[in-house]
Amino acid sequence: MIDIYANNYVIVAIFLILGVLLPVATVSFVGPLLRPKKPTREKQTTYESGNIPVGDSWVRFNVKYYIFALMFVIFDVETLFLYPWAVAYKELGLFALVEMVIFISLLVVGLIYAWRKKVLEWN
């Protein structure tokens, strides 16, 4: 019986070792052998859809862009939780309704907070 468990651990260890070693070996050894090695000044410039690059490639963006995107992701993902609840509403009963009202009210409080902090304004 112990041999069966030991055999299972050996199989898992082999898969873990292969799962780590194969990508590392591919990136470290096979990649440099297969890729072309003719760097030119033109190949090392920043690509801007065929246009001539203007200015530095390390441009600072306003933090509001990131906050706006994060707010979208948060509210978009949270609305995904409404779908399974709506599908199974009849089986869940009153308790689930109360939970969903609490959940939506927390979302509304977060939206009001973001609105008052003027995170949703696009300047």
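For clarity, every value in this text was computed on a predicted model and none was experimentally measured.

Calculation notes
Residues numbered from 1 in each chain as written. Predicted model: local features only at pLDDT ≥ 70, side-chain atom pairs only at ≥ 80, totals over all residues. Heavy atoms only, no water. Helix = DSSP H or I, 4+ residues; strand = E, 2+ residues; numbered from the N terminus. Buried < 20%, exposed > 50% of the residue type's maximum accessible area, 1.4 Å probe, protein only. Phe/Tyr/Trp six-rings, centres within 6.5 Å; stacked < 30°, edge-to-face > 60°. UniProt positions renumbered as here; feature names shortened; annotations may be inferred. Patch = residues over 30% accessible without salt bridge, like charges linked within 9 Å, V, L, I, M, F, W, Y side chains within 5 Å. Areas by Shrake-Rupley, 256 points an atom, 1.4 Å probe, with all protein chains shown as cover. Salt bridge = Lys/Arg side-chain N within 4 Å of Asp/Glu carboxyl O.

Position of V24 relative to the elements: it lies in helix α1 (residues 2-34). As for V24 and V54, which are separated by 30 residues in sequence, their C-alpha atoms are 37 Å apart.

Assignment of secondary structure puts Y65 in helix α2 (residues 63-80). On the basis of relative accessible area, Y65 is assigned to the partly exposed category, the value being 36%. C-alpha separation for the pair Y65 and L120, spaced 55 residues apart in sequence, amounts to 9.8 Å.

This part covers the packing of aromatic side chains. Applying the stated rule across the entire model yields two aromatic pairs. Summarising the aromatic geometry, the rings of F81 and F103 are spaced 6.2 Å apart at their centres and angled 90° between planes, so their arrangement reads as edge-to-face. Of this pair, F81 sits in the loop between α2 and α3 (82-87) while F103 is found in helix α5 (residues 94-116), placing the two residues 22 residues apart along the sequence. Here W85 and Y89 contribute two aromatic rings whose centre-to-centre distance is 5.4 Å and whose plane-to-plane angle is 65°, an arrangement assigned as edge-to-face.

Turning our attention to the UniProt feature "transmembrane region" (unreviewed entry) in the protein chain. If you check UniProt for "transmembrane region" (unreviewed entry), the listed places come out as residues 6-34, 65-86 and 92-115 in our numbering. Summarising residues 65-86: 95% helix, 0% strand, and an end-to-end C-alpha distance of 32 Å. For the annotated span residues 92-115, helix accounts for 96% and strand for 0% of the residues, and the straight-line distance between the end C-alpha atoms is 33 Å.

Taken together, V59, F61, Y65, Y66, F68, L111, W115, L120 and W122 make up a surface patch of nonpolar side chains, about 1,000 Å² in accessible area. Secondary structure elements with two or more residues in the nonpolar patch: α2 and α5. Among the elements that make up the nonpolar patch, the one with the highest residue count is α2 (three residues).

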